[in-house]
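# Understanding the architecture of this molecule
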Amino acid sequence: MSIATENDSSSAPSKFQMIADGEATAILPTGGKQKPITVIGTEAIRATFDDLCLQQAINSRLAPGVTDLVLNPDAHCGYGAPVGCVMVSPTHIYPGPVGVDIKCSMSLLQTSLPADAILDRPTRRALINAICERTPTGAGRGQRNAPKSRHVGEALGKRVLVEGASRGVCEELGIPPEWAARCEDSAHVGHDDSTGALALRLEQLLPQMHRFDAKMTQLGSYGGGNHFGECEVVHVEANDRAREAARVFGLVDGGVAFLSHCGSRGIGHQLASGQFKALQGKFTQWDIPLPGGDRELVYAPLGTPEADAYIDDMALGANFATVNHLLINALVLEAFQEVLPGVAGQLVYFISHNIARKEVVNNNIAWVHRKGATRAFPAGHHALRDTPFAETGHPILLPGNPQAGSVVMAADAGAAVSCYSVNHGAGRQLGRKAAKRALDQKEVDRSFEEADILTNCRAYPIDEAPAAYKDFDEVLRSVKSAGLASEVARLKAKFVIKDGDQADD
DNA sequence: ATGTGC
């Protein structure tokens, strides 16, 4: 990146001094007495941050009520705030640093299968087909092409939004209720910490909602873009701590697991965009200055009706995303059982990277907005008391790419420096248009063939090719050398489900 | 990311 000192007479807003503090943690000063931005990333990774991304980080840091801003190694331009940042405020809520896909998340299902059960290609092809019959991909398509999906009507859909993964909702959908204990948050509550607020808000919203029933039928679907399902072979790291964490997480070395990435689909998008429009309207109406002049950084002070409405809508969308993931995992397990009778499965964890949560930061209760960032509570963290992960830290699920692999990590005590957060994956290196220009379809498809990774696509979406993403090992080096988290296991893809040009069989 | 397609 370009580096200029704060005293640079040009004082161009796109250039900032970067003071290295060790190899992997740098500081981006914001002037005055405010705490600087914490930047996680090796020198090579810091060079990938473009000026707009850094400007978004500065705008976010200087925005009203914000006390901490962390920029992660996978950071790139986002909606107001960079994708790959953590923003903390004890006084304000910000929709931008949650984003349009409320509670976009990762989940991991450990099966009882050994890797050799899925070595042959016909078995993997049968699994791909069985999964695609249950969990459709693509925008707007809902359940149309998935004859064996669940059909969720309006009444159950409303319960999903209000209750999240309650016992009743899990039972209705055939989700093992014990999976709720393997969720970062199995249910989100309203602005007054009650579900009643959510029920009221939903009734208020319903008359204006377009095709609510159709959005509820999207429960158990992947969507498009960077969302995916991926069958993995688990390789646990060869050290005592990793082995113990793997045991607690329920990971089986040399076993088959299934990794999913998706969010809140159409309903989350509708709730988020409705909130952006409503808040942008208020800022215009009241002529309030926008942080950095950016309409995407609108906010609401806590305690106002605007903040209450946003928190409620975020919770409704988040609850859909949670149940969506749990249902996908139940349907994927059902697909495995159809092809390989007798296989069992356990949810390892479900964890978000687009959500705002109330947490204790610097001895204060604050809203921690993680936009393309993953919560990382280490062993001994007070919030993990009475959970299975009190002595290991909770599982952190980080997708890399199908060819470089993905990882399961556990936080280290050093994660305090990043408000107990790590990145959410590799991060884009090429924009979608640039990827389509720079990469060759045949080469991309051949690279999957050479790696013996099957896909449901006749042509893999080129803007999602591994080469469109940053070097995952360099990203992981940033996380580890900053002392944030340690690797527990590597996941190697054997087949991938993506929204793309679908194969015939 | 999504789709009452900005």
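Cut-off values and rules
Residues numbered from 1 in each chain as written. Chains lettered and ligands numbered in written order. Predicted model: local features only at pLDDT ≥ 70, side-chain atom pairs only at ≥ 80, totals over all residues. Heavy atoms only, no water. Helix = DSSP H or I, 4+ residues; strand = E, 2+ residues; numbered from the N terminus. Rg over C-alpha atoms; globule rule 2.2 N^0.38 Å. Buried < 20%, exposed > 50% of the residue type's maximum accessible area, 1.4 Å probe, protein only. Contact = heavy atoms within 4.5 Å. Areas by Shrake-Rupley, 256 points an atom, 1.4 Å probe, with all protein chains shown as cover. Lys, Arg positive; Asp, Glu negative; His and termini not counted. Charge placed at Lys NZ, Arg CZ, Asp CG, Glu CD. Salt bridge = Lys/Arg side-chain N within 4 Å of Asp/Glu carboxyl O. Polar contact = N/O pair within 3.5 Å; in protein donor to acceptor, adjacent residues only side chain to side chain. Domains from an automatic or database assignment. Buried area = accessible area lost by both parts, 1.4 Å probe. Nonpolar A, V, L, I, M, F, W, Y, C, P; charged D, E, K, R; others polar. Core = buried A, V, L, I, M, F, W, Y, C linked by side-chain atoms within 4.5 Å.

Taking an unreviewed UniProt entry as the reference, chain A is identified by name as tRNA-splicing ligase RtcB belonging to Lacipirellula limnantheis.

## A closer look at the overall build of chain A
When you go through chain A residue by residue, the secondary structure sums to 13 helices and 21 strands. Taken against the 2.2 N^0.38 rule, which gives 23 Å for 505 residues, the C-alpha radius of gyration of chain A at 22 Å falls within 12% of a compact globule. Judged by the C-alpha coordinates and their principal axes, chain A covers about 65 × 50 × 50 Å. Within chain A, buried positions represent 58% of all 505 residues. Intrachain contacts of chain A at a sequence separation of at least 6 include 74% that bridge at least 24 residues. Entry remark: accessible area of chain A is about 18,900 Å², with carbon and sulfur atoms responsible for 52%. Once the 49 positive and 59 negative side-chain charges of chain A are each reduced to a mean point, those two points are 2 Å apart.

## A word on the pattern of salt bridges
Scanning the entire structure with this criterion turns up 33 salt bridges. Across the salt bridge formed by Glu-464 and Lys-498, the nearest N and O atoms sit 3.0 Å from each other. On the criterion of sequence distance, the pair formed by Glu-464 in the loop between strand E19 (457-459) and helix H13 (472-481) and Lys-498 in strand E20 (residues 485-498) is long-range, its members being 34 residues apart. Beyond isolated ion pairs, a larger network of salt bridges with shared partners links Glu-133, Arg-134, Lys-148, Arg-150, Glu-334 and Glu-338.

## Regarding the environment of Gln-403
Position of Gln-403 relative to the elements: it lies in the loop between strand E15 (396-401) and strand E16 (405-411). On the accessibility criterion, Gln-403 (32% relative accessible area) is partly exposed. For the pair Gln-403 and Leu-491, spaced 88 residues apart in sequence, the C-alpha separation works out to 10.0 Å. Once you skip the residues sitting within four places of it in the chain, Gln-403 turns out to touch Ser-447, Phe-448, Ala-451, Ile-453 and Pro-466. Polar side-chain contacts of Gln-403 include one of 3.0 Å to the side chain of Ser-447.

## Section: the domain arrangement of chain A
Taken domain by domain, chain A holds domain 1 (4-92) and domain 2 (105-429 + 469-497). Summarising the inter-unit geometry, the C-alpha centres of domain 1 and domain 2 are found 26 Å apart. Of the residues lining the interface, 36 residues belong to domain 1; the matching set on domain 2 comes to 42 residues. Both faces combined, the contact of domain 1 with domain 2 buries some 3,000 Å², and carbon together with sulfur accounts for 64% of it. If you sort the residues of domain 1 by the area they bury against domain 2, Asp-74, Tyr-79 and His-92 come out on top, with a joint share of 22%. The interface formed by domain 1 and domain 2 holds zero salt bridges in total. Counting across the domain 1 and domain 2 interface gives 14 residue pairs in polar contact (both at pLDDT 80 or more). Among the residues making up the side of domain 1 that touches domain 2, the classes are represented as 19 nonpolar, 15 polar and two charged.

## Quick look at the nonpolar core
Judged by nonpolar contacts, the single largest core of 92 residues is most densely connected at Leu-71, Leu-173, Ile-175, Phe-258, Phe-336 and Phe-495. Broken down by element, this core gets its largest block of residues, 18 residues, from helix H10 (residues 305-339). Each of domain 1 (4-92) and domain 2 (105-429 + 469-497) contributes no fewer than three residues to this core. Sequence-distant contacts of Ile-175, that is, excluding residues within four places in its chain, are made with Cys-170, Val-323, Leu-326, Leu-327 and Ala-330. In this structure, Val-88, Ala-415, Leu-476 and Ala-482 belong to the second largest nonpolar core, which totals 36 residues.

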